[in-house]
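Spelled out, the chains give:
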Amino acid sequence: MRSVAITCFLCVLAVLHAGAQPGSGIPYPQPLPDTAALRFLPGIVSSDSMDFNACFSPDGGSYYFTRSINQQTKIYVTHHEGGSWSLPMIVPFLDSKYSEADPAFSPDGKLYFISDRPLTAADTLRDFNIWFVKPLPGGSWSAPEPMKILNTDSSEFYISFARNGNLYFASSRQGGYGQEDIYVSKLVNDKYTTPVNLGPAVNTAKSEFDPGVAADEELIIFASSNREDGLGGADLYYSRKEGEGNWQQAVNLGSPFSTRARDFCPYISPDGRYFFFSSERDVKWIEMEWLKKAVGH
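The sections below set out a description of the structure shown in this document. (Residues numbered from 1 in each chain as written. Predicted model: local features only at pLDDT ≥ 70, side-chain atom pairs only at ≥ 80, totals over all residues. Heavy atoms only, no water.)

As for the packing of aromatic side chains
One pair of aromatic rings is described through two measures. These are the centre distance and the angle between the planes. Within this structure, the stated rule accounts for 27 aromatic pairs. With 4.7 Å between their ring centres and 65 degrees between their planes, tyrosine 28 and tyrosine 274 make a pair best called edge-to-face. Residue tyrosine 28 is found in the loop between helix H1 (2–16) and strand E1 (38–39), and its partner tyrosine 274 is found in strand E23 (residues 274–279); the two are separated by 246 residues along the sequence. One exposure class covers both tyrosine 28 and tyrosine 274, and it is buried. Measuring from centroid to centroid gives 5.1 Å for phenylalanine 40 and phenylalanine 276, while their planes differ by 80 degrees, and the two rings are edge-to-face. Of the two residues, phenylalanine 40 is situated in the loop between E1 and strand E2 (50–56) and phenylalanine 276 in strand E23; the sequence distance between them amounts to 236 residues. Here phenylalanine 40 and phenylalanine 276 have matching classes, each one buried. Counting every residue linked through ring pairs, the aromatic cluster contains Tyr28, Phe40, Phe56, Tyr63, Trp85, Tyr267, Tyr274, Phe276 and Trp285. Sitting over the face of the ring of tryptophan 131, arginine 117 holds its NZ or CZ atom 5.3 Å from the ring centroid. Its guanidinium or amino end placed over the ring of phenylalanine 264, arginine 262 lies 5.3 Å from that ring's centre, counting from NZ or CZ. (Phe/Tyr/Trp six-rings, centres within 6.5 Å; stacked < 30°, edge-to-face > 60°. Helix = DSSP H or I, 4+ residues; strand = E, 2+ residues; numbered from the N terminus. Buried < 20%, exposed > 50% of the residue type's maximum accessible area, 1.4 Å probe, protein only. Lys NZ or Arg CZ within 6 Å of the ring centre and 35° of its normal.)

Structure below.
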């Protein structure tokens, strides 16, 4: 029992210090959350629209999120300038004809996202695929490029990175356990490998999506809908690594993370201080202490 308790404690510490170097000077807005999750940047990020899936830039000075308006999703960014967060603007590399969402930064500074734009001129499918842009001098971005190794004729979405570059995402591709499953593509010799399903401890005959992996890959938090122990439209679950890469049976995070609403898009701030998730059409945040307690039981 003592060894199990020590293992749990080490796992929690791994989460708390996940990616502690990048974003260590994030200018968090007031008031800071404590025991209850708060709407993040009301009127800027959390608005009258449906706002979800968010991440900080590597330097902590910009915040990217997705907003749904008129049945189309777009990625917005707000910058911390002159002591306050700016009004959000649509990122410049998007295509107005298509929906784009799910921003996520890789350890090397690329910005990944999903889009239903065609992969080629001959592509007529309106499925979502994973794309990325590279940062250029002067604050601009390269032209978007698709991640060919990850994309299929089904939808791929919601990207999350471990510190070593391993990439986690969700997909509705054939061969999974349910409607959507969670996969990992490992970064080996600077190239991504063919994605592998995380297996039945995480994925079920239901729908699993929106993976948020800790920097050391010892913990993953994800959303799932229609499970027997679910509380709402979708709930947040967690699983820990066991041995040489196997995942333990996933557990519902419970209150205050899983509610009667649809709870999804888990994200840990780069400095490990706050846990973000989406619920009730807003981006919310809460102190990591409460996530630590949830996964420490």
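Here the narrative resumes, following the displayed structure.
Looking at the nonpolar core
A general tendency of soluble globular proteins is for nonpolar side chains to be buried together. Core analysis: the biggest nonpolar cluster contains 68 residues, and Tyr63 and Phe275 have the highest contact counts within it. Beyond its immediate sequence surroundings of up to four residues, tyrosine 63 is in contact with Phe40, Val45, Ala54, Cys55, Phe56, Tyr76, Val77, Thr78, Trp85, Phe276 and Val283. Membership of the second largest hydrophobic core comes to 13 residues, among which are Ile182, Val184, Phe222 and Ala250. (Core = buried A, V, L, I, M, F, W, Y, C linked by side-chain atoms within 4.5 Å. Contact = heavy atoms within 4.5 Å.)

Examining the sheet that holds strand E11 (residues 156–161)
In spatial order, the strands read E11-E12-E13-E16; together these four strands make up an open sheet with antiparallel pairing. Across the chains shown, the open sheet's two edge strands, defined by having one partner strand only, are E11 and strand E16 (196–197). Pairing analysis gives five bridges linking strand E12 (residues 167–171) to strand E13 (residues 181–185), with the strands arranged antiparallel. Residue pairing across strands places serine 171 opposite aspartate 181, the latter belonging to E13. (Pairing = 2+ DSSP bridges.)

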